[in-house]
Structure formats: structure tokens, C-alpha cells
Amino acid sequence: MLKSKEILQLISIILIELLLEILSFVVVPVALLFCKKDDEHLPKIFRWLEDANDYYDGKCAAINGDSGWREKHYPEPTNRTYKARLLWLLRNKIGHFSSEILGVKVDEVNPYSIETIGDPNITSNGGKESGFCKVTCTLKDGRERFGFYKIVRYGKFYCRIYLGWKLMDIAGANALNFKEFTQKDDKKYLKTVWCINPFKKVNQKGE
């Protein structure tokens, strides 16, 4: 289902991000030494190694964790300690780079170019049925992007494959309904992704 150009894009993503993820284990512990308790970000020179600049409950999650992290693991103000920040950033490596540098900015997508093949609802079927969805688009500067999502069920388990960019967030979009996908609370950037999880348990509810 992937074209040769898309395979080359995927290889490039993996090589670049794998190198940066390895590098983050060395750089992030040092970069955090320069952060004050009130800081929301790493020093600017290291910012590409922090998590995406998403906001939860009005608070930036870049180095201090999202609402779930603060609720389940490190309640405020302990989420601003060196240990909490280090664990968060090693768990959510290079999020800023994967979304705001290498990712797709939704505003830059040409809505007339979006094509969806397969089942746009495949991401929410809990692995009950095998299937796939592929979304392609062209950015306003002419660059092409793709997102490929596939489920292969076997017994009570399934394999989930997600490659390219997280374009499932705009699956089914077109020039007429694109504004529905760009509301205030929707993601501004769609991250790169290269994930194969072969041991997910099927959600049996509703069967």
C-alpha cells in the first residue's frame, strides 16, 4: 500500500528520529540542569528535545507533564522537580521535533488534496476487525505526506501498525468539511509516527 517515495520518507523519519532519541538520553539530563522551577521549557537551544508544546488545563506540558501525568504520577509542584521532568521527557522523547519541526501543520494542508482510502474509523474499532486506512495530502508548499494505519487481528489479539504522519486525525476530511477538523481544541500539528505493536488485546465489548 505504500509507494516507493513514501517508503523513502518513512526510512528518513526513522533514521533521523532514532538518532535524536538516542541523543536525548545524553542531552536531556544535562539540559534540565539549566531549568528553573518556574520554567515551562528547556533552554531554547535544546527545545527540540522536549515534548510537544501542547496545553492541558491551560498549562504547557513541554517539560512539566500533561494533566494525566500530574494527576497519576507527580502532582504539582512535584512535577517540576528534576526527577519528574527527566522521567517525563524520557517517556515523551523529541515530541517537539516530531510535531512542530518534522510534523504536519494542519493549517498548511491543502484540503483539496486530502484522500482517504479504507476505513476512517479503523482507529476506534478496538482490534475487533482487521482493516486499514491510508490518508494522503499535499501541503501548500507542494510537499506530500501520508499516514497509514492497519490492524491485523489474530484470535484475542491484534497487531496495530501506524506509519508516516498521524493523518488519521483528518481521515475523511475534504475541502467542504475541513473546518470541522480545525476547531480551537483540535491539534495544530500532526506528529510523525512509526509504530508496530503486535501484541494488543482485542476489546471484546460489543461482540
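Starting afresh in each chain, residues are numbered from 1 along the sequence in its written order. Two thresholds apply to this predicted model, a pLDDT of at least 70 for residue-level local features and 80 or more for giving and counting side-chain atom pairs, whereas whole-chain, interface and lining totals are computed over all residues. Values reported for side chains reflect all heavy atoms of the structure, with hydrogen atoms and water molecules removed beforehand.

Undergrad: When you look at the overall build of the protein in this model, what are you seeing that I'm missing?
TA: Numbering of helices and strands runs from the N terminus; a helix is a DSSP stretch of H or I covering at least four residues, while a strand is a stretch of E covering at least two. From N to C terminus, the protein includes four helices and nine strands. The C-alpha radius of gyration of the protein comes to 18 Å, within 12% of the 17 Å expected for a compact globule of 207 residues. For the C-alpha atoms alone, the extent of the protein along its principal axes is close to 50 × 45 × 35 Å. We call a residue buried when its accessible area falls under 20% of the maximum for its residue type, exposed when it is over 50%, and partly exposed in between, using a 1.4 Å probe and counting protein chains only. Burial analysis of the protein (207 residues in total) assigns 40% to the buried set. The globule rule used here is 2.2 Å times the number of residues to the 0.38 power, and the radius of gyration it is set against is calculated over C-alpha atoms.

Undergrad: Whenever I open this one, the pattern of salt bridges confuses me. Can you help?
TA: Oppositely charged side chains may form a pair once their charged atoms are brought near each other. What counts as a salt bridge is simple: a side-chain nitrogen of Lys or Arg found within 4 Å of a carboxyl oxygen of Asp or Glu. In this structure the tally under the stated criterion is seven salt bridges. The salt bridge involving E108 is made with R143; its shortest N-O contact spans 4.0 Å. Of this pair, E108 sits in the loop between strand 3 (104–105) and strand 4 (115–118) while R143 sits in the loop between strand 5 (131–138) and strand 6 (144–154), and the two are 35 residues apart along the sequence. Looking at E108, the relative accessible area reads 34%, which means it is partly exposed. Owing to a relative accessible area of 37%, R143 belongs among the partly exposed residues under this scheme. Note that K187 and D169 form a salt bridge whose closest N and O atoms lie 3.2 Å from each other. Linking K187 in the loop between strand 7 (157–165) and strand 8 (189–190) with D169 in the loop between strand 7 and strand 8, this pair joins segments that are 18 residues apart in sequence. Residue classification places D169 among the partly exposed positions, given a relative accessible area of 35%. Salt bridges sharing partners connect three or more residues here, namely E108, D141 and R143.

Undergrad: How do you make sense of the state of the cysteines when you look at a structure like this?
TA: Here, the word disulfide means a covalent bond between the sulfur atoms of two cysteines. A pair of cysteine sulfur atoms is labelled a disulfide when the two atoms are within 2.5 Å. Scanning the model with the defined rule gives zero disulfides in all. Of the cysteine sulfurs around C159, a residue in no disulfide, the closest is that of C195, at 9.0 Å. With a relative accessible area of 14%, C159 lands in the buried category.

Undergrad: Honestly, the layout of surface pockets in this entry has me stumped. Any pointers?
TA: Here a cavity is any set of points on a 1 Å grid over the protein atoms alone where a 1.4 Å probe fits but cannot get out, and a pocket is any open set with protein on both sides within 12 Å along at least 5 of 7 lines; a residue lines the site when it has an atom within 4 Å of a point. Grid points are joined across faces, edges and corners, and a volume is the space filled by probe spheres set on the points. A volume near 230 Å³ is recorded for the second largest pocket. If you go around the second largest pocket, you meet 14 residues; those closest to its centre are K3, E6, T136, E144 and R145. Counting only elements with at least two residues in the lining of the second largest pocket, the list comes to helix 1 (4–31), strand 4, strand 5 and strand 6. By residue number, the principal contributor to the lining of the second largest pocket is strand 5, which donates four residues.

Undergrad: Help me understand the packing of aromatic side chains, please; the structure alone is not making it clear to me.
TA: Any aromatic ring pair is given by two values, namely how distant the centres are and how the planes are angled relative to each other. Any two of the Phe, Tyr and Trp rings considered here, Trp counted by its six-membered ring, make a pair once their centres fall within 6.5 Å; the pair's planes then place it as stacked at under 30 degrees, edge-to-face at over 60, or tilted in between. Throughout the structure, instances matching the rule amount to five aromatic pairs. Members of the aromatic cluster, connected to one another through ring pairs, are W69, Y74 and W88.

Undergrad: Where do I start with the packing of helix 1 against helix 3 (residues 82–91) in this structure?
TA: Each pair of packed helices can be summarised by the angle the axes make with each other and by the distance between the axes. All axes are obtained by fitting lines to C-alpha atoms, using only the stretch in contact for helices, and the reported angles, taken between N-to-C directions, cover 0 to 180 degrees. It is at 10 Å that the axes of helix 1 and helix 3 come closest, and there the two elements cross at 155 degrees. Judged by the angle between their axes, helix 1 and helix 3 are roughly antiparallel. In terms of crossing hand, the pair formed by helix 1 and helix 3 is right-handed. Contacts between helix 1 and helix 3 involve S24, F25, V28 and P29 from the former and Y82, L86, L89 and L90 from the latter. Here the residues of the contact of helix 1 with helix 3 are counted per class, giving seven nonpolar, one polar and no charged. Relative orientations are named as follows: roughly parallel for angles under 35 degrees, roughly antiparallel for angles over 145 degrees, roughly perpendicular for angles from 65 to 115 degrees, and oblique for any other angle. Less than a right angle of anticlockwise turn of the near helix away from the far helix marks a crossing as left-handed, whereas a clockwise turn marks it as right-handed. Note on contacts: a residue pair qualifies if any of its non-hydrogen atoms lie within 4.5 Å across the two residues. Only Asp, Glu, Lys and Arg are considered charged, only Ala, Val, Leu, Ile, Met, Phe, Trp, Tyr, Cys and Pro nonpolar, and every remaining residue, Gly among them, polar.

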